Amino acid sequence: MPTTVAITGNSAIAIAMRQINPDVVAVYPITPQTSAVEEFSDYVAQGKVTTELINVESEHSAMSACVGASAAGARVLTATSSQGLALMWEVLYIASASRLPIVMYNSNRTLSGPINIHCDHSDSMGARDSGWIQIYSETAQEAYDNMIQAVRISENFDVLLPSMVMMDGFITSHALDRVDILSDDDVKGFVGEHKPAYTMLDPEHPITVGPFDGIGGFYFEYKKAQTEAMHRAFDVIEQVGKEFEQLSGRAQPIIEEYRLEDAERAIVVIGSTAGTAKDVVDDLRSKGEKVGLLKIRLFRPFPTKRIKDALKHLNAVGVMDRADSIGGMGAPVYMEIRSALYNLDTRPIVQGYVYGLGGRDVGKTDVLKAFDDLAEVQHAGEPSDIVKYIGLKE
Amino acid sequence: MTTLKELSHKEELLTGGHRLCAGCGASIAVRSILLAADAPVVSGVATGCLEVSTTIYPYTAWRTSLIHNAFENCAATVTGVETAYRSLKKQGKLPADRELRFAAFGGDGSSYDIGFQSLSGALERGHKFVYVCYNNEAYMNTGIQRSGATPLGTWTTTTPVGAAHTGKEEHHKDLTFVAAAHDIPYVAQASVSHPRDLINKAEKAFQANGPAFLNVLAPCPRGWRHESNLTVEVAKTAVETKIWPLYEIENGEWKLNNRPKKDRPIEEYFAMQGRYKHLTAPANAEIVEAYKKEVARKWSRLMRMCGEKE
Amino acid sequence: MKKWDVSNIKSWTWRDLPVGATIPVGGNADDYETGGWRSERPVLILEKCTHCMLCWIFCPDSSVIIKDEKMTGFDMVHCKGCGICAKECPTDAIVMESEEKFRHEGDK
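On a predicted model such as this, the values are computed, not experimentally measured, just so you know.

1. Here's the deal with the packing of aromatic side chains
Aromatic ring pairs are defined here through the distance separating the ring centres and the angle between the ring planes.
At step 1: Applying the stated criterion to the full structure yields 21 aromatic pairs over all chains.
At step 2: With a centroid separation of 6.3 Å and 85 degrees between ring planes, the pair formed by Y136 of chain A and F299 of chain A is classed as edge-to-face. Within this pair, whereas Y136 of chain A is found in strand β6 (residues 133-137), its partner F299 of chain A is found in strand β13 (residues 298-300), the two being separated by 163 residues in sequence. In this pair, the class of Y136 of chain A matches that of F299 of chain A, namely buried.
At step 3: A centroid spacing of 6.1 Å and a plane angle of 45 degrees characterise the contact between Y269 of chain B and Y276 of chain B, whose relative ring orientation is tilted.
At step 4: Residue Y269 of chain B is classed as buried on the basis of its relative accessible area of 0%.
At step 5: Overall, Y276 of chain B belongs to the buried group, its relative accessible area being 0%.
At step 6: In this arrangement the basic side chain of R301 of chain B is found over the ring face of F177 of chain B, its NZ or CZ atom lying 3.8 Å from the centre.

2. Some remarks on helix α1 (residues 9-20) of chain A
Residue and element names in this part refer to chain A.
At step 1: Taking 1.5 Å per residue as the helical rise, α1 with its 12 residues ought to reach 16 Å, and the 16 Å between its terminal C-alpha atoms agrees with that figure.
At step 2: The buried count for α1 comes to 12 of 12 residues, which makes it a mostly enclosed element.
At step 3: Of the positions making up α1, those classed as buried are G9, N10, S11, A12, I13, A14, I15, A16, M17, R18, Q19 and I20.

3. Thoughts on the environment of R86 of chain B
At step 1: When you line up the elements, R86 of chain B lands in helix α4 (residues 74-90).
At step 2: What makes R86 of chain B partly exposed here is its relative accessible area of 33%.
At step 3: Excluding residues that lie within four positions of it along the chain, R86 of chain B makes contacts with E52 of chain A together with H127 of chain B.

4. As for empty space enclosed by the protein
All names here are of chain B.
At step 1: Going through the model one piece at a time under the given rule, you end up with six cavities of 30 Å³ or more.
At step 2: There is about 260 Å³ of room inside the largest cavity.
At step 3: For the largest cavity, the lining is made up of 24 residues, of which H172, D174, I243, P245 and K298 are closest to its centre.
At step 4: For the lining of the largest cavity, the secondary structure elements donating two or more residues are α7 (175-180) and α12 (285-306).
At step 5: Sort the elements by how many residues they give to the lining of the largest cavity and α12 lands first, with seven residues.
At step 6: Its residues assigned to classes, the lining of the largest cavity shows 13 nonpolar, five polar and six charged.

5. Observations concerning the pattern of salt bridges
At step 1: Tallied over the entire structure, the rule returns 55 salt bridges over all chains.
At step 2: Put simply, E240 of chain B and R264 of chain B hold a salt bridge, and the shortest N to O gap is 2.7 Å. Of this pair, E240 of chain B sits in helix α10 (residues 231-240) while R264 of chain B sits in the loop between β8 (253-256) and α11 (266-271), and the two are 24 residues apart along the sequence.
At step 3: For E240 of chain B, a relative accessible area of 25% translates into the label partly exposed.
At step 4: In this structure, E99 of chain C engages R38 of chain C in a salt bridge whose closest nitrogen and oxygen atoms are separated by 3.1 Å. Of this pair, E99 of chain C sits in the segment after β4 (94-98) while R38 of chain C sits in the segment before β1 (40-44), and the two are 61 residues apart along the sequence. In terms of burial, E99 of chain C and R38 of chain C fall into one category: buried.

6. Re the packing of α1 of chain A against helix α8 (residues 184-191) of chain A
Residues and elements named next belong to chain A.
At step 1: The geometry of α1 relative to α8 is characterised by a closest axis approach of 8 Å and an angle of 65 degrees between their N-to-C directions. Relative to α8, the element α1 is oriented roughly perpendicular. In this structure, α1 crosses over α8, and the sense of that crossing is right-handed. Residue-level contacts link R18, Q19 and I20 of α1 to D184, V187 and V191 of α8.
At step 2: Of the residues in the contact of α1 with α8, the class split is three nonpolar, one polar and two charged.

What counts and how
- Residues numbered from 1 in each chain as written.
- Chains lettered and ligands numbered in written order.
- Predicted model: local features only at pLDDT ≥ 70, side-chain atom pairs only at ≥ 80, totals over all residues.
- Heavy atoms only, no water.
- Phe/Tyr/Trp six-rings, centres within 6.5 Å; stacked < 30°, edge-to-face > 60°.
- Helix = DSSP H or I, 4+ residues; strand = E, 2+ residues; numbered from the N terminus.
- Buried < 20%, exposed > 50% of the residue type's maximum accessible area, 1.4 Å probe, protein only.
- Lys NZ or Arg CZ within 6 Å of the ring centre and 35° of its normal.
- Expected span 1.5 Å × (residues − 1).
- Contact = heavy atoms within 4.5 Å.
- 1 Å grid on protein atoms, 1.4 Å probe; cavity = no way out; pocket = protein on both sides within 12 Å on 5 of 7 lines; lining within 4 Å.
- Points joined across faces, edges and corners; volume = space filled by probe spheres on them.
- Nonpolar A, V, L, I, M, F, W, Y, C, P; charged D, E, K, R; others polar.
- Salt bridge = Lys/Arg side-chain N within 4 Å of Asp/Glu carboxyl O.
- Axes fitted to C-alpha atoms, helices over the stretch in contact; angles between N-to-C directions.
- Parallel < 35°, antiparallel > 145°, perpendicular 65-115°, else oblique.
- Left-handed = near helix turned anticlockwise from the far one by under 90°.

The structure is reproduced here in structure tokens:
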């Protein structure tokens, strides 16, 4: 029987982890992931899980131990944020290449420097090439739901790729929200038994994980194999989402289309700002403006076709990025949306907006600025290659 | 201790057909250590000569399961494997009678330097595994660059000999002491030249009730500049000149395993290796003196720790 | 242990590869010949051998063949001719001879 509770996003993750009851968790604390790990440690101390918890001495070792444990056939979860994700960067690639179904909660926090513990998406955006499935959560509820589904998605034999589940650091991780928690039995039944693709622990069948690939080797082909797995992940993610919807009553769309159908202009956004933006959409709609919102939940694999279908009828699309690519043509989501729409015969104008870096607060007025600017851009009919800023002191 | 004859019945766990250099000290060490295990071994290896040469796709020389992750995280990776084993066994997901031993192999580059943190964390957490440093005193795989294990005055490609500088200008770390400072059940210094001693230590290491650390001198013909047939001789000379003492620390008790019968002059050690040929020049006499002084200092210290009279 | 057939590997595409870049077997380097590296090879003088096992334990390439605790010879498929066995043998029961000598005899 599900229970409705008022908890933080981090608590929701800790509960999901407890209910999944992984074999091994290797983890290192970093703000703002810490309370999720602390609460899980409490469950371990109380004997509420059979998980072996390894409190390693750095995030690099956390992901390294996760790789070892997963290669040994264990179900593995972990969590990190920001500098921690950056520190384990090289091992992320190895985890994906080794096709290990590790699931990680990444609490979105900006990358230093200067050091700043608040939310933006620069950490997980920096890992978008690593071969990890990336799922973003708007609310604590979504984070809970995503964490559970990620286990089924990653472990599916058509996929076998690690997943990272994001939520906005502090904004969602530390704020109290209403969350419907499934029963322990429901979650246990949903994730099922872990059947690893390979194990190192059978002395009758030894294997070598991570061999040396020489100049006459297959590195190129292994990357292709990972890409193919990413493509196969779409169907798996949708299927798992449908099953989860049956269990929870909550739909799990890969992208959320909010009042987009008859919209003329729309904003694309990831994370908690989507909640604020939906309010702004409602306000503008009540004034007769034809606006809508696209919230991206699944970023890797990038749902090109779905996004194209959702946005193609619009006159203008404003992409709000909570990260930037310094020196790039634009910020990560903006670039991918723009590319996704490029081949359309008639395509919307795409305008990029960078907002909220280093936790710069974003409220309704800020989102409204984006919609207003987008209206001007749409009216002028001239796309701007220059990314604009919202909330910057300029 | 199992005799060589008894061990010869066991299945070879590192096959031939790997691409390590002819005369490589590392494979001598690994072969002996794997034979000494009292149950099937699951191994981890850091990036380096050993890893790169024994796992060239699609061939692996390892009859044990092996994981290679990256350069500096072999210890952490193996603790992950070991923890998975404990967790799965505890939950009945592995047969209750499946006994496994865990070994992590890293060169001195990985152990002394880039993987130092990972090693230290693994030792502190008390996992039951054997960490083996195969020590050839430089980053050999990438071309003989200096490491934290390279002794004073040694030529390497990043501490070359020239008009302004003469080899490495710092003494090396004592990683065996550092391992002992973690108060783990078993620590030992060994050499490929003394196989019975090495095997005895490996046996104790695998049976230790917690982490074990072995620092094994494994000369490199390429990097040390000696003929491929002299690997064992050079290591033996290091032991007999007191440069590389053989000792062990069992549950905090220090014990000297080998006291050289005669005091071989260190010059004999230098004379065997091209990496020290510059030390015959009179201009470098000071370096030789400093080197000898350091060897003597560490020997005295070791004698005191082991309760031995000099 | 089941064998993994890599004889056709040059024609493999991304579809033929085992998952995760793993090598799904153990010890198959045994199938790879390194004997061609040699410029000289060890020759056993059996009458001098005391079967002390030192050559076996010192061989970096697992190429000394012991049967029933007796030294029987060398694995010429893998022996790289490093010469450690000859150097370390306490009774000079192993000598190194040039490969040139054996060129016409093939790998004996």
